[in-house]
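This is what each chain is made of:
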2 protein chains.
Amino acid sequence: MFTRTLAALSLAAALAAPFNLNAKTVVDSERASFTIETVADGLKNPWGLAFLPDDTMLVSEREGNLRLVSPDGQVWPPLQGLPEIYAKGQGGLLDVAIDPDYANNGRIYFSYSEPGEDDSTNSTAVASARIQDDKLVDVTRIFSQQPKVKSNAHFGSRLVFANDGTLFVTLGERYSQKDDAQTLDNHHGKVVRINTDGSVPADNPFVDTKGALPEIWSYGHRNMQGAAIHPQTGVLWSGEHGAQGGDEINLDRAAKNYGWPVITYGEDYGGGEIGEGFKKAGMETPVYYWLPSLATAGLTFYTGEQFPDWQGDLFVASLKAQTLSRLDIEGERVLHEERLLKDELGKRLRHVVQGPDGYLYLLTDESNGAIVRLVPAD
Amino acid sequence: MFTRTLAALSLAAALAAPFNLNAKTVVDSERASFTIETVADGLKNPWGLAFLPDDTMLVSEREGNLRLVSPDGQVWPPLQGLPEIYAKGQGGLLDVAIDPDYANNGRIYFSYSEPGEDDSTNSTAVASARIQDDKLVDVTRIFSQQPKVKSNAHFGSRLVFANDGTLFVTLGERYSQKDDAQTLDNHHGKVVRINTDGSVPADNPFVDTKGALPEIWSYGHRNMQGAAIHPQTGVLWSGEHGAQGGDEINLDRAAKNYGWPVITYGEDYGGGEIGEGFKKAGMETPVYYWLPSLATAGLTFYTGEQFPDWQGDLFVASLKAQTLSRLDIEGERVLHEERLLKDELGKRLRHVVQGPDGYLYLLTDESNGAIVRLVPAD
Ligand SMILES: [Ca+2]
Ligand SMILES: [Ca+2]
């Protein structure tokens, strides 16, 4: 028995051996062969990633640092001038985005957990700023989730520009406030749509609805850490964690109710149902879901030239499952899922972004986190 | 090293231990807890299963026997009077079906590999008959796939009644004739739609197309061993094997081209592409596909009362993968797949049928094959 345990342990140790990213191991997947390259490491729980026009990366660390990383992987000291950030639990500095007109206005955007007056409450906020040398200037808060509550969880969030230049912000229901996701008098469990100056687009779906907050685009969400615009249709696709499973991909349309916490595919811990089941009139079902949960995070559509057979596919990073899911999309259907990287990388993945070079960039969620990228094998 | 190998072997042996079907092990799956019961065994590679109005089962054995199995599991001697059957390779006695008006006309249907004049060629045929005591009477061939060719593979087939009383027959492309799947002057790689007397329905899609065989409903198929009518929409959903992977579920609509061998998700043995890729104008993409292949066989929609949370789900039996896939369907999308039975049963599964009692019945593809059923756990 002792011998068998030892054998099992040494087998387990061999299976868990760290993947040597310098060895240029070729991953042969269904539609592409690639290597995994480390672009930069030493990043503390990186959360958001965006590329400036000169290919410099803007990366957030959840504890509250915003950094530039040069294309050759040099990590710069934190930019100064961030607002006060509530960096506890799931809170901190979250997503980053670059203005579509950055070449003219130089503006960047970031979401973060914003403390209340006395630090006992908080919510998710969005600010814009410009980078000047090693600091942020013209820092302007353009959105603040209402109301602030006492919670360390479910802040969301992703920042995604629609094709019309408006900004989608995905927001969690703060865990303690899940019933709020079904009412329109708050920003919990919502996608909001704003202009970049923080004003409300005149064509938002609830601007004429009495008692509804006018920023709301869609509701009935749980905790959304992934969102992307479909490259052909312009529709927002979003990802959210289910309770005890049931992570969802939704087609996020104006005024629609995505069901949480009334309907969900998640199971209760004992295997029972939460809420009222899986479907209800007036509530949208997801386009795809995972049970058991992968703990999905960032997602992106691939449109580059480096991986021709990945064009149009939706890539979804996951934390607990440590995989990058490739979803083969046809219209608004998911035809097939391939799970990548669990064996070859084996790290919690917070985000996936297509680089300007057409490589796929990933953030590993670790205290010594990294930016890695997938590069076609020769 | 020797010790480790022994330990590994004994671990493997433990994992491969046969599942004791009499132990009433409860399988706790995502949406149901059930036990697996053996209804009958000693069946040689059972292929098709249908229920008569008195709950007696009609089951085919591929080598060329058609048997009745009483509801309590008693297996009766083969019915006499079958036509000559070419039972080699994948050929033999295949699917069975019961006339929707069986109560009045007593007719059954079966598909089989029919030898040519000199036994060097063959094709798939369909006959109808009535059961009288221990034999078949009024045996009438109602369809014969044209042309007959020299091949032991890809016969199809499933027999499925549409809601209008016409009969769909799914037909393989005979492997050696795959290019035939793209032309309408033959029955290779086709779904055909016939009346139960063998005549051609006047509203078949190609009845007015010069050079086209009028029985054809859809084309561009490979080898279809699964088909079922959607309980709400009445649309035919079919399953087919891909080449080296890429098993497909298709929504099988009149006059549509399902792409084989021009487009496929299957990979070549070296990992390269077959045909021209995955998509082409004028060809339908599947609603879902598996890569690597499961080797999918029979399929059915569940509509019973025994498993309320399975209602509307599509169940797909697979041979190589030894699983029963449960596909959660919403409209014409597959939202989620759960794979059942591999660990608890671990047998090649040829078919899945809902019984009149609402249990799910399966055929295991073995020389000592069985009818097993899934029964809700107490
Ligand atoms: Ca939902
Ligand atoms: Ca096809």
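Residues numbered from 1 in each chain as written. Chains lettered and ligands numbered in written order. Predicted model: local features only at pLDDT ≥ 70, side-chain atom pairs only at ≥ 80, totals over all residues. Heavy atoms only, no water.

Looking up chain A in an unreviewed UniProt entry gives the name PQQ-dependent sugar dehydrogenase, with the organism given as Gilvimarinus japonicus.

Undergrad: For this particular structure, what's the right way to read the interface of chain A and chain B?
TA: Interface size is commonly expressed as the accessible surface area that is lost when the partners come together. Taken together, the 30 residues of chain A in the interface contact 30 residues of chain B. Both sides together, the interface formed by chain A and chain B hides about 2600 Å², and carbon and sulfur atoms give 43% of it. On the chain A side of the interface with chain B, the three residues burying the most area are Arg31(A), Arg333(A) and Leu335(A), jointly 24% of the side's total. Here chain A is connected to chain B by four salt bridges. Ionic pairing is found between Arg333(B) and Glu332(A), a salt bridge with its closest N-O pair at 3.6 Å. Along the contact surface separating chain A from chain B lie 12 residue pairs in polar contact (both at pLDDT 80 or more). Residue composition of the side of chain A that touches chain B, by class: 13 nonpolar, five polar and 12 charged. (Contact = heavy atoms within 4.5 Å. Buried area = accessible area lost by both parts, 1.4 Å probe. Salt bridge = Lys/Arg side-chain N within 4 Å of Asp/Glu carboxyl O. Polar contact = N/O pair within 3.5 Å; in protein donor to acceptor, adjacent residues only side chain to side chain. Nonpolar A, V, L, I, M, F, W, Y, C, P; charged D, E, K, R; others polar.)

Undergrad: Looking at this structure, I do not really get the side chain of Ser325(A). What am I missing?
TA: Residues and elements named next belong to chain A. Relative to the helices and strands, serine 325 is located in strand β20 (residues 324–330). Serine 325 sits in the buried class, given a relative accessible area of 0%. Only 2.7 Å separates the side chain of serine 325 from the side chain of glutamate 337, close enough to count as a polar contact. Residues within four places of serine 325 in sequence aside, it is in contact with Trp290, Leu294, Leu314, Phe315, Val316, Glu337, Glu338 and Arg339. (Helix = DSSP H or I, 4+ residues; strand = E, 2+ residues; numbered from the N terminus. Buried < 20%, exposed > 50% of the residue type's maximum accessible area, 1.4 Å probe, protein only.)

Undergrad: Please explain the relation of the copies chain A and chain B as it appears in this structure.
TA: Both copies of the chain are related by a screw-like operation: a rotation about an axis and a shift along it. Least-squares fitting of chain A to chain B yields an RMSD of 0.0 Å, with the transformation described by 0.0 Å of translation along the axis and a rotation of 180 degrees. Such a combination of rotation and displacement between the chain copies is what one expects of a two-fold axis. Closest approach to the rotation axis within chain A is made by the C-alpha atom of Arg333(A), at a distance of 2.9 Å. A share of 100% of interface residues in chain A that are also interface residues in chain B marks the association as one of identical surfaces. (Least-squares fit on C-alpha atoms with pLDDT ≥ 70 in both.)

Undergrad: It is not clear to me how the coordination of the calcium ion (ligand 1) should be interpreted in this structure. Could you clarify?
TA: Reference geometry at the metal: tetrahedral coordination by four donors gives ideal angles of 109.5 degrees; octahedral coordination by six donors gives 90 or 180 degrees. All names here are of chain A. Ligation of the calcium ion (ligand 1) by protein atoms is provided by Glu248 (OE), Glu248 (OE) and Tyr258 (O), these donors lying 2.3 to 2.7 Å from the ion. Of the two residues, glutamate 248 is situated in strand β16 (residues 247–252) and tyrosine 258 in the loop between β16 and β17 (288–290); the sequence distance between them amounts to 10 residues. Given a relative accessible area of 7%, glutamate 248 falls into the buried group. On the basis of relative accessibility, which here comes to 2%, the residue tyrosine 258 falls in the buried class. (Donors = N, O, S within 2.8 Å, 3.2 Å for Na, K, Ca; no water.)

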